[in-house]
Amino acid sequence: MAAATAAPTYRFAFITLDNYSMIALSSAIEPLRMANYLSGREVYQWSIVTLDGQPATASNGAYMLPTVSLDDIGPVNIAFVCGGIKVKEAITPALLAALRRLAQRHVPIGALCTGSYALAMAGVLEKHPVAIHWENMAGLLEEFPGIHVTEKLFSIGDDRYTCSGGIAPLDLMLHLIKDQLGPEIALAISEQFIVERVRDDNDRQRIPLQNQVGICQENLLKVAALMEANIEEPLSLDELSDEIGVSRRQIERLFKRYLNCVPTKYYLDLRLHRARTLLLQTSMSILEIAIACGFRTPPHFAKCYRDLFGYPPSGERGQKCRKPPFTPVPLLATPRPQAITPSVDYYGNA
């Protein structure tokens, strides 16, 4: 592809914790590498970082070189904390102090996989929606009840970039690349990686309901299963009650206690997310999708869709209603090697 015209250089720091997720880190770095290759210049730079410059060992036993000290990386556009298993054991007072200093200096901070747990412990996630791997949601909510945990694959807002695990960081990076370099580069990267669909911040993690509510909530699991099996012709709450032999009032209490919503809201969101999948993955018309997801009229479907996602079903395929969430100020004018020791520290002090 043609080289990007006058594209600034963006710098990322990936702060690796012991037992970090290698797949999450690789999924974040590889889109940046491919963006450089396709754009014909070093638009992105990244450093693998620890507090002391010694490589952290990933959960698969591997480690990455070069690894540099946090004090030696210079200014960055975003610093990502990369977590994995046993994240509590990897978080130290020195790390928390460093994260707080970054926040005080208004350095954008992100997290991959369980790295969000470190940001929560550092107290830098207040008023920010937080994405974390679904296995860690319950624990994070239990320990930090004031934090807004989202089921989304990733969350962007107010200089905080949090992402669930696995390959979700690839989607986050493609989202940032699209806003920085344009959709053509992002699409070309996804084609290079044989990614059929780039997911965005409206996509949710597929969280087994059993993990959300526990195996003991058999009646709640039965109701949710009935809802999922009856998308095209939704059942009424009374019909659901009759099917499982539990009172309507008891169903409402279960949903309120364990899912913090009323059953009708859960059912509606389930149908709308099914509709979104059909919009993105099929060539069905909007009318056909509305009918397949239990909506009697397209206007009602469009209103409900806009209420949940912020744009109508037609905007899902056109993707013309998304606003770029990230426009960082470039910190370096010319490319430098990955491992560098500039004359300014990572807080931006001369």
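These notes cover the structure that comes with them. (Residues numbered from 1 in each chain as written. Predicted model: local features only at pLDDT ≥ 70, side-chain atom pairs only at ≥ 80, totals over all residues. Heavy atoms only, no water.)

A separate point is helix α1 (residues 22-39). With 18 residues, α1 should cover 26 Å at 1.5 Å per step; its first-to-last C-alpha distance of 26 Å lies within 8% of that length. Of all 18 residues in α1, 13 are buried, a share of seventy percent or more. Phi turns positive one or two residues past the end of α1, at G40, with a value near 85°. (Helix = DSSP H or I, 4+ residues; strand = E, 2+ residues; numbered from the N terminus. Expected span 1.5 Å × (residues − 1). Buried < 20%, exposed > 50% of the residue type's maximum accessible area, 1.4 Å probe, protein only.)

Below, the discussion takes up the sheet that holds strand β1 (residues 10-16). Taken in spatial order, the seven strands make up an open sheet running β3-β2-β1-β4-β5-β9-β8, and their pairing is mixed. Looking at which strands have only one partner, the edges of the open sheet turn out to be β3 (67-69) and β8 (154-157). Taking each pair of neighbouring strands and ignoring which way they run, the sheet shows an average axis angle of 25°. Examined bridge by bridge, β8 and strand β9 (residues 160-163) share four bridges and lie antiparallel to one another. Note on β9: the bridge partner recorded for I156 is Y161. Helix α4 (residues 115-122) contacts β4 (78-82), β5 (109-112) and β9 of the sheet and is inclined by roughly 140° relative to β5. (Pairing = 2+ DSSP bridges. Axes fitted to C-alpha atoms, helices over the stretch in contact; angles between N-to-C directions. Contact = heavy atoms within 4.5 Å.)

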